[in-house]
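Summary of the model geometry
Listed here are the chains, written in short residue letters.
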Amino acid sequence: GIRHENRPHLINSFKKLVYSDSIEELELQWAAWKCDEVVKSYPNIVNHVSQLWHRRRECAYAIRRDLPLCGTNTTAIMEAGFRITKDIIFMWSR
């Protein structure tokens, strides 16, 4: 499993990807995320987020920010992604 002290770092680095303000920042965060030593020590996280990266157009705020979203910047896909990340990968229980 994931060490307790690494959980906040991993979830915050994932949030930086999702909530980047521009496509340039998103690409920079992605490059930084892939080089992060804590992230690289968890191959399951790397595989999971790499699979999500191919779907970034559906959940990255930088890409979706110009869409008419009625004041919200989350979707069911984003919420499900966070729930999966927290519940399955981090092995948190409700």
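Residues numbered from 1 in each chain as written. Predicted model: local features only at pLDDT ≥ 70, side-chain atom pairs only at ≥ 80, totals over all residues. Heavy atoms only, no water.

When you go through the protein residue by residue, the secondary structure sums to 7 helices and 0 strands. What you see in the protein, going N to C, is helices and strands ordered as α-α-α-α-α-α-α. Within the span of the protein, comprising 94 residues, buried residues form 34% of the whole. Long-range pairs, those at least 24 residues apart, make up 62% of the contacts in the protein with a sequence separation of at least 6. Surface accessibility of the protein: about 6,200 Å² in total, with carbon and sulfur atoms responsible for 55%. (Helix = DSSP H or I, 4+ residues; strand = E, 2+ residues; numbered from the N terminus. Buried < 20%, exposed > 50% of the residue type's maximum accessible area, 1.4 Å probe, protein only. Contact = heavy atoms within 4.5 Å. Areas by Shrake-Rupley, 256 points an atom, 1.4 Å probe, with all protein chains shown as cover.)

Before going further, it helps to spend a moment on the packing of aromatic side chains. With the rule as written, the count across this model stands at 1 aromatic pair. Measuring from centroid to centroid gives 5.4 Å for tryptophan 30 and tryptophan 33, while their planes differ by 10 degrees, and the two rings are stacked. Within this pair, tryptophan 30 and its partner tryptophan 33 are both found in helix H2 (residues 23–35), separated by 3 residues, close to a single helical turn. As far as the burial class goes, tryptophan 30 and tryptophan 33 line up, both buried. (Phe/Tyr/Trp six-rings, centres within 6.5 Å; stacked < 30°, edge-to-face > 60°.)

This brings us to the pattern of salt bridges. Evaluated as defined, the whole model comprises 2 salt bridges. Residues glutamate 5 and arginine 3 are paired through a salt bridge, measuring 2.5 Å at the closest nitrogen-oxygen approach. By relative accessible area, glutamate 5 is classed as partly exposed at 48%. Here glutamate 37 ties to lysine 40 by a salt bridge, and the two come within 3.3 Å at their closest N and O atoms. Taken as a pair, glutamate 37 and lysine 40 lie in helix H3 (residues 37–40) at a separation of 3 residues, close to a single helical turn. Judged by relative accessible area, glutamate 37 falls into the exposed class, the value being 58%. (Salt bridge = Lys/Arg side-chain N within 4 Å of Asp/Glu carboxyl O.)

The next subject is the side chain of asparagine 6. Mapped onto the elements, asparagine 6 comes out in the segment before helix H1 (7–18). The buried category is assigned to asparagine 6, whose relative accessible area is 15%. Leave out the neighbours within four places in its chain, and asparagine 6 touches Val38 and Tyr42.

Right, let's get into the confidence of the model for the protein. Where the model shows low pLDDT, its predicted coordinates should not be examined in detail. In this model, the protein carries an average pLDDT of 78, and 67% of its residues clear a pLDDT of 70 or more. Within the protein, the lowest mean pLDDT, 62, falls on helix H6 (residues 61–64), and the highest, 95, falls on H3. (pLDDT = per-residue confidence, 0-100.)

Relative to the assigned elements, aspartate 36 resides in the loop between H2 and H3. Remark: the alpha-carbon pair of aspartate 36 and leucine 10, spanning 26 residues in sequence, is separated by 9.7 Å.

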